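A closer look at the structure
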Amino acid sequence: MFKSNVLKTALMSAAAVTALAACASEPDNNGTDNAPDNGAGNNNAEVNDNDNADNDADNNDGEEAGEDVDPEDVEVDPDNLVIATLSDVSEMDPHGSNDVPSSAVQTNIFESLLYQDEDMELQPLLAESWDAVEEDVWQFELREDVTFHDGAEFNAEAVQTNFDRLLDPDIGSQRAFLYEMVEDIVVVDDYTIEFHTEFPFAALPAHLAHSGGGIISPDAIEADYEEMENGGQPGDYLNENPIGTGFFEFEEWTPGSEVVLMRNDDYWGEPAGMEQVTFRVSPEDLTRLGELETGDADIIFPVSPSDADRVEDTEGINLYTQESLSLSYLGFNMEAETLDDQLVRQALTKAVNKEELIEGVWEGFATEAVGPIGENVFGFSDEVDELEYDPERAQELLEEAGYGDGFDTTIWTNDSRERMDIAELVQAQLSVIGVNAEIEVLEFGSYLDATAEGEHDMFILGWSTVTGDADYGMYALFHSSQHGDPGNRSFMSNDELDQLLEDAREEVDEDARADLYEEAMEILVEEAPMMYLYHQDYLVGVRDEVQNFWKHPNGLYQLHEVTIEEE
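Heads up: these notes are all about the structure in this document. Sequence order as written defines residue numbering, which begins from 1 separately in each chain. The model is predicted, so local features are restricted to residues of pLDDT at least 70 and side-chain atom pairs to those at 80 or more, both for listing and for counting; the totals for chains, interfaces and linings are taken over all residues. Side-chain numbers come from the whole structure's heavy atoms, not from hydrogens or water.

Section: the overall build of the chain
Put simply, DSSP marks the helices as runs of H or I at least four residues long and the strands as runs of E at least two long, and each gets a number from the N terminus on. Helix and strand counts for the chain stand at 17 helices and 24 strands. Here the accessible surface of atoms and residues is derived via Shrake-Rupley with a 1.4 Å probe, and residues count as covered only by protein chains that are part of the display. Accessible area of the chain: about 20,900 Å², with a carbon and sulfur share of 37%.

Written as structure tokens, this is what we have:
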């Protein structure tokens, strides 16, 4: 059934986070791709798949470890929260990485000017207030009671130092794309700072809430530059001395094993509920599950959908689910023969039963996608209707397009279990309307390169709108200036859509922006540059003793108020 272009020794994990994380996605295909122009999003987001389902489950160690555990025999440490995760961090420097595993740790050490709450509403953090004082100038009033872990003072100069570093070409930050529209950063006074942008950019506050905008001690930044002058690489000092303002401080990182954080007792706000947090790398699904059952871990992520019932049925642990900001999609190369016809793309979309995909791949832990963004992203409109599953109408559309007898095509995917499962299910459903789709599996790097060059017909990828704003989820994927590597691998070109996306990113009035994105969504559904499949849920295993834990839609753990209460 598959035509494989690689020898696969193991299946890659797959699902969307993480994304945005961020990224992107911001995934465990971690932050390896080029940032796009105009700060609209990048391939990190595109491959930001938090890989919930796809570790091979052949390892029985975890299953044996978790068998016949008496909940009364389980002992947990009330002072140390242990989180067992699929992947290690790549860097402790928040400017030097763009992957969810790193961000999940960094966000406890470093704080941004703003943050987004569970409803994706912007809230003050290190900045107390903000305003667009001119159409291309955003002004922020900063907190005056904050110090860094090393005793350095937090002020406007510290913020300026951070963003100067983030945008420094010598640093080569993977997060720079978020702020590439910033032309100047002006210190107005000790606690007032302005961001001057190349063009009016309404989404800047949402970008400043991204973990990539985490503020580092200026003294630590100076030490990192000194390390570079002595022949080191950007981040060498910061990876050993990550110093922020957060409610936890860095204690230790043992690469490949664990990261340990300790409570910051001098935190400017309410201190953290836990004395210590340990992020432990545990790459096998069943091993993590066994650790949760025995009390060796208090939280595990990800939980495979196939293990969800076991978590829910085991005394002493529970399954936590959270809707994500990610999208899984099957894209169409709109410059390829046959797929350049809108009727054909609509027919293919209407021939696929997304509910069956969700049950088959995610066992129900996902939501059908209407368009490229979900309801927890600003710009989503529930007034836009999707192209619903209707194989009879799909056949009629093919006949109208002149392909009543079907046609041959290919579906490309990388060697991710989730995506290969999707490919098989779509292949079977398209065959009903006479479309013969051959599946080709490519090594991930080659896959990204080839789809960026437009060598494909159909392809399966993911995207996480980690800023929670439609600009991130639409501009890179669909604006004609973003063809190929920046994100528009469907090679969509639509002048009306381009104008809407440009107007929306410059419009400051939220209601007017929402209207523009609703129009954009309508075009994107009708043009069908891709088959919008689903937004999957994050599945987290949590011990009953853990209180006040939640996971953000962007994929990051929220640990500030977490406590462990022994039963």
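Having put the structure on the table, let's press on.
Here we look at the pattern of salt bridges
The rule for a salt bridge is simple: a side-chain nitrogen of Lys or Arg has to be within 4 Å of a carboxyl oxygen of Asp or Glu. According to the stated counting rule, one finds 15 salt bridges in the structure shown. The partner of arginine 393 in a salt bridge is glutamate 396, with the nearest N and O atoms 3.2 Å apart. Of this pair, arginine 393 and glutamate 396 both sit in helix H12 (residues 391-401), separated by 3 residues, roughly a single helical turn. On the basis of relative accessibility, which here comes to 30%, the residue arginine 393 falls in the partly exposed class. A salt bridge links aspartate 485 to arginine 489; the nearest nitrogen and oxygen atoms lie 3.9 Å apart. On the accessibility criterion, arginine 489 (1% relative accessible area) is buried. Residues joined in a network through salt bridges with shared partners are Asp93, Arg165 and Asp224. When accessible area is computed with a 1.4 Å probe and restricted to protein chains, residues below 20% of their type maximum are described as buried, those above 50% as exposed, and intermediate ones as partly exposed.

Considerations on the pairing of strand E15 (residues 326-332)
Extensive coverage of E15 is indicated by the burial of 7 of its 7 residues. By the alternation rule, side chains of E15 split into Ser326, Ser328, Leu330 and Phe332 and Leu327, Tyr329 and Gly331, which are all buried. Bridge count between E15 and strand E19 (residues 458-464): 7 bridges; the pairing is antiparallel. Opposite leucine 327, over in E19, you have tryptophan 463 as the bridge partner. One ladder, built from 4 bridges, connects E15 with strand E20 (residues 530-543); its direction is antiparallel. The partner of tyrosine 329 across the bridge, within E20, is tyrosine 532. Whether two strands pair comes down to DSSP finding at least two bridges between them.

Remarks on the packing of aromatic side chains
Note on aromatic pairs: the rings of Phe, Tyr and Trp (six-membered ring only in Trp) are paired at centre separations within 6.5 Å, and the planes decide the class, stacked below 30 degrees, edge-to-face beyond 60, tilted for the rest. In this structure the tally under the stated criterion is 18 aromatic pairs. For the pair phenylalanine 279 and tyrosine 557, a centre-to-centre distance of 6.3 Å together with 35 degrees between the ring planes defines the contact as tilted. Residue phenylalanine 279 is found in strand E12 (residues 276-281), and its partner tyrosine 557 is found in strand E23 (residues 557-558); the two are separated by 278 residues along the sequence. Taking the relative accessible area as the measure of exposure, tyrosine 557 reaches 5% and is therefore buried. Three or more aromatic residues joined by ring pairs make a cluster, and in this case those are Phe279, Phe301, Tyr320, Tyr538, Phe549 and Tyr557. Lysine and arginine charges are scored as sitting over a ring when NZ or CZ, respectively, is within 6 Å of the ring centre and within 35 degrees of the ring normal. Over the ring of tyrosine 475 we find arginine 505, and its NZ or CZ is 4.0 Å from the ring centre.

Some remarks on the packing of helix H10 (residues 342-350) against H12
The geometry of H10 relative to H12 is characterised by a closest axis approach of 8 Å and an angle of 160 degrees between their N-to-C directions. The orientation of H10 relative to H12 falls into the category roughly antiparallel. Pair H10 / H12 crosses with left-handed handedness. From H10, Leu343, Val344, Gln346, Ala347 and Lys350 reach across to H12, where they touch Pro391, Arg393, Ala394, Leu397, Leu398, Glu400 and Ala401. Tallied by class, the residues present in the contact of H10 with H12 amount to 8 nonpolar, 1 polar and 3 charged. Axis definition: a line fit to C-alpha positions, over the contact stretch in the case of helices; interaxial angles, taken between N-to-C directions, run 0 to 180 degrees. For classification purposes, angles smaller than 35 degrees are called roughly parallel, those larger than 145 roughly antiparallel, those between 65 and 115 roughly perpendicular, and all remaining angles oblique. Note on convention: near helix rotated counterclockwise from far helix by under a right angle means a left-handed crossing. Clockwise means right-handed. The contact rule is simple, with two residues in contact once any of their heavy atoms fall within 4.5 Å. Amino acids are sorted into nonpolar (Ala, Val, Leu, Ile, Met, Phe, Trp, Tyr, Cys and Pro), charged (Asp, Glu, Lys and Arg) and polar (every other residue, Gly among them).

Quick look at the side chain of aspartate 298
With respect to the helices and strands, aspartate 298 occurs in the loop between helix H8 (285-294) and strand E13 (299-301). Positive residues here are Lys and Arg, negative ones are Asp and Glu, while His and the chain termini are left out of the count. No salt bridge is formed by the buried aspartate 298. Its closest oppositely charged neighbour is arginine 543, at 5.2 Å. Within polar-contact distance, the side chain of aspartate 298 engages the backbone nitrogen of valine 82 at 2.8 Å. Excluding residues that lie within four positions of it along the chain, aspartate 298 makes contacts with Val76, Asn80, Leu81, Val82, Leu292, Gly541, Val542, Arg543, Val546 and Ile564. We define a polar contact as two N or O atoms separated by no more than 3.5 Å, with the added condition that, inside protein, one atom must be a possible hydrogen donor and the other a possible acceptor, whereas residues neighbouring each other in sequence contribute only through side-chain atom pairs.

Topic: the nonpolar core
Definition used in this section: a nonpolar core is a set of buried Ala, Val, Leu, Ile, Met, Phe, Trp, Tyr and Cys residues joined via side-chain atoms within 4.5 Å. Core analysis: the largest hydrophobic core is formed by 149 residues, its most contacted members being Leu113, Phe195 and Leu348. Looking at this core, the element that brings in the most residues is E20, giving 8 residues. Setting aside its immediate chain neighbours within four residues, phenylalanine 195 contacts Leu113, Asp136, Val137, Trp138, Phe140, Val159, Phe163, Val182, Asp184, Ile185, Leu204 and Leu208. Ranked by size, the runner-up nonpolar core spans 14 residues in total, among them Val82, Ala297, Ala308 and Leu539.

What to know about helix H15 (residues 470-478)
Within H15, 9 of the 9 residues are buried, which leaves it mostly tucked inside the rest of the structure. Inspection of H15 places Ala470, Asp471, Tyr472, Gly473, Met474, Tyr475, Ala476, Leu477 and Phe478 among the buried residues, and these make up the whole buried set. The backbone nitrogen of aspartate 471 lies 2.9 Å from a side-chain oxygen of the residue at the head of H15, namely aspartate 469.

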